[in-house]
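Examining the three-dimensional arrangement
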Amino acid sequence: MGAKMVEFNGWDMPVEYPASVGGGIINEHMAVRTGVGIFDVSHMGDIRLAGPQALAAVQHISMNDASRLAIGQAQYSALLYPLGTFVDDVIVHRLGEEEYLLVINAGTREKDFNWVRDNTRQFDCAVENLSDDFTQIAIQGPKAVHLLQKLTDADLGAIKFYWITRGKLCGLPNTLMGRTGYTAEDGFEIYIPADETTSATVWYEILTAGKEFGVVPCGLGARNTLRLEGKLPLYGHEISDTINVWEAGLDRFCKMEKPEFVGHAALEKAKAAGVKRTLVGLEMTGRGIARDGYKVQDESGCEIGYVTSGSPAPFLKKNIALAYVPIEFAAQGTALKVDIRGQGVGAVVVPTPFYKRPKKV
Amino acid sequence: MAYPTDRKYTKEHEWIQVNGNSATIGITDYAQQSLGDIVFVETPKVGAELTQGKTFGTVESVKAVSDLFAPASGTVSEVNADLATSPEKVNSDAHGSWMVKITLKDPKELNALLSAADYEKFVAEEGGH
């Protein structure tokens, strides 16, 4: 479609689409916030766990509590190393009585699959890497449900956020559709057979059906600005194998009341010892854009931390960032500086998420 | 696209339009297309010295920071105030959106720059259009 492409973890991916199709990072971002945008997210990975001990296996490797999932329900979680640091973040879907689907990041497909398989050998459960079997398309925004409803016989209105369903989609039978996403908006992620013909057909059918809603194809650029406004973590930035759950502020997805899971003991110790640094939201008060990796300083110019992700926020029309700082600098309203190419530019600690979608009245 | 012939161009995609001993500088349409939505432009202050080929500021899109390279040496006499409030004008009209005006130090420096025709060829080879 004429998109600007970039290499991302072995994938050729669009950063943004041309203006001729309504693209550009800002247009794409605003389309998702006010209408609907679609993303090809097939680079994401899919691991299926099935068998009599599938739940036990998931409980062992995932920090959230999968026993709370009804069939058709999903939850955000993470896979942790024994140190309580991140292998990856993940959405755990319960597909059946003894069947779970983990949707993981592109950059960590091989690593995650090997890690899951190696850490679940003791359970009576089959672990399959289905990543190449699926094309995954995300349809995101307040009008996403209306768009997708035109293409499926499943009753999407009945599907709550973070629940999934199956139905006929663009003529394809029994297609998995989840009310999930990475944009801090309502929306769906659909999983269709990965052959090129099917994938292209469905993509173009979605674009056609979405014309009346002003649908825009969206690339990685908008994907990043959207998730940043919603404070959704990106592996390698807010979460990594050197950051633990408490530092990342993902406590509410970590069920320590589970008797065990990989990382449990280390997390207990870390909590008892006290968390030294934490992830905060920053808004630039001076003229300048804080970007990934830039150093954060206190008011006197001493380096105290670093930016994990930073960018202009197209919807909020501010320059925002997420950063790790020592806890003594984490209070809202704390004045800090970001080193932008040698100049300390003013920033302030603000509440997160920066953006929350409006509640349906 | 046909690039305006009333100015010269650099391989770093700046344009320079001469008027006597003074010159106006901006970035080309090819540059703005490659950058995408421009959100921030950093320019030097009035009185600053530019040296041909050296960086004199930055232009930022949502995703990236790009250096601006001086097409010629000189002293900044004026800065476009619009850039601070409406950087997107550079996208909608790159050839009409100037960034800085300078008093030229050595007009002969411009002989090293590209004509509109040469720039068009250069851009076509770079995979542009």
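Residues numbered from 1 in each chain as written. Chains lettered and ligands numbered in written order. Predicted model: local features only at pLDDT ≥ 70, side-chain atom pairs only at ≥ 80, totals over all residues.

So, on to the overall build of chain B. Along its length, chain B carries four helices and nine strands. Reading chain B from its N end, one meets helices and strands in the order β-β-β-α-β-β-β-β-β-α-α-β-α. Considering only contacts within chain B whose residues lie at least 6 apart along the sequence, 63% involve residues at least 24 apart. (Helix = DSSP H or I, 4+ residues; strand = E, 2+ residues; numbered from the N terminus. Contact = placed C-beta atoms within 7 Å.)

Helix and strand content of chain A: eight helices and 19 strands. Counting every position in chain A, which comprises 361 residues, the buried fraction comes to 46%. (Buried ≥ 20, exposed ≤ 12 C-beta atoms within 10 Å, placed from the backbone.)

We now examine the confidence of the model for chain B. For chain B, per-residue confidence averages 95 on the pLDDT scale, and 98% of positions sit at 70 or higher. Both scores are given for the predicted complex: the pTM is 0.93, the ipTM 0.88. (pLDDT = per-residue confidence, 0-100.)

With that settled, the discussion passes to the environment of Q297(A). Residues and elements named next belong to chain A. Take Q297: it is sitting in strand 15 (residues 295-297). The class of Q297 is buried, set by 20 C-beta atoms lying within 10 Å. As a C-alpha pair, Q297 and F134 span 163 residues in sequence and 44 Å in three-dimensional space. Non-local contacts of Q297, meaning those with residues more than four positions away in its chain, are made with C302, E303, I304, L336, K337, D339 and G344.

With that settled, consider the packing of helix 1 (residues 25-34) of chain A against helix 6 (residues 220-229) of chain A. Angle between the axes and distance between the axes are the two parameters that describe a pair of packed helices. Residue and element names in this part refer to chain A. The geometry of helix 1 relative to helix 6 is characterised by a closest axis approach of 8 Å and an angle of 50 degrees between their N-to-C directions. One finds that helix 1 runs oblique with respect to helix 6. Crossing angle aside, the handedness with which helix 1 passes helix 6 is right-handed. On the side of helix 1, the interface is formed by I25, E28, H29 and V32, while helix 6 contributes G221, A222, T225 and L226. (Axes fitted to C-alpha atoms, helices over the stretch in contact; angles between N-to-C directions. Parallel < 35°, antiparallel > 145°, perpendicular 65-115°, else oblique. Left-handed = near helix turned anticlockwise from the far one by under 90°.)

All names here are of chain A. When its domains are assigned, chain A resolves into domain 1 (1-273) and domain 2 (276-361). A C-alpha centroid distance of 26 Å is found between domain 1 and domain 2. With 20 residues of domain 1 at the contact, the number on the domain 2 side is 20 residues. Contributing elements (two or more residues each) for the side of domain 1 that touches domain 2: helix 1, helix 6 and helix 7 (245-248). It is helix 1 that provides the largest number of residues to the side of domain 1 that touches domain 2, a total of five residues. By residue class, the composition of the side of domain 1 that touches domain 2 is seven nonpolar, six polar and seven charged. (Domains from an automatic or database assignment. Nonpolar A, V, L, I, M, F, W, Y, C, P; charged D, E, K, R; others polar.)

Next up on the list: the environment of L282(A). All names here are of chain A. Tracing the chain through its elements places L282 in strand 14 (residues 277-284). A sequence separation of 64 residues divides L282 from G346, and the C-alpha atoms of the two residues are 9.9 Å apart. With sequence-adjacent residues up to four places away left out, L282 is seen in contact with A290, I320, A321, A323, L336, A347, V348, V349 and V350.

Attention now moves to the pairing of strand 19 (residues 343-350) of chain A. Residue and element names in this part refer to chain A. Both strand 14 and strand 19 contribute to a ladder of four bridges, which runs antiparallel. Paired with E283 across the two strands is V348, which belongs to strand 19. As judged from the six bridges shared by strand 18 (residues 335-340) and strand 19, these two strands associate in the antiparallel manner. Bridging across to strand 19, L336 finds its partner in A347. (Pairing = 2+ DSSP bridges.)

This part is about the sheet that holds strand 12 (residues 187-193) of chain A. Residue and element names in this part refer to chain A. A sheet is described by the order of its strands in space; here six strands give the open sequence 10-11-12-9-3-13, paired in mixed fashion. Where the open sheet ends on each side, the last strands, each with one partner, are strand 10 (164-169) and strand 13 (216-217). Along the sheet, helix 5 (residues 196-209) makes contact with strand 3 (37-40), strand 9 (134-140), strand 12 and strand 13, crossing strand 9 at roughly 10 degrees.

Counting from both sides, the interface comprises seven residues of chain B and, opposite them, ten residues of chain A. Across the side of chain B that touches chain A, the residue classes break down as three nonpolar, one polar and three charged.

Residue and element names in this part refer to chain B. Here three strands make up an open sheet; going across it, the order is 4-6-7 and the pairing antiparallel. Whereas interior strands pair on both sides, the edge strands pair on one side only; in this sheet they are strand 4 (38-42) and strand 7 (65-69). Direction aside, the axes of adjacent strands within the sheet are offset by 25 degrees on average.

All names here are of chain A. With respect to burial, strand 12 is a largely interior element, six of its seven residues being buried. Alignment of strand 9 against strand 12, held across seven bridges, turns out to be antiparallel. By the bridge assignment for strand 12, Q136 is matched with Y191. Judged from the three bridges that link them, strand 11 (residues 172-178) and strand 12 form a sheet pairing that is antiparallel. Within strand 12, the position partnered with G178 by the bridge is E189.

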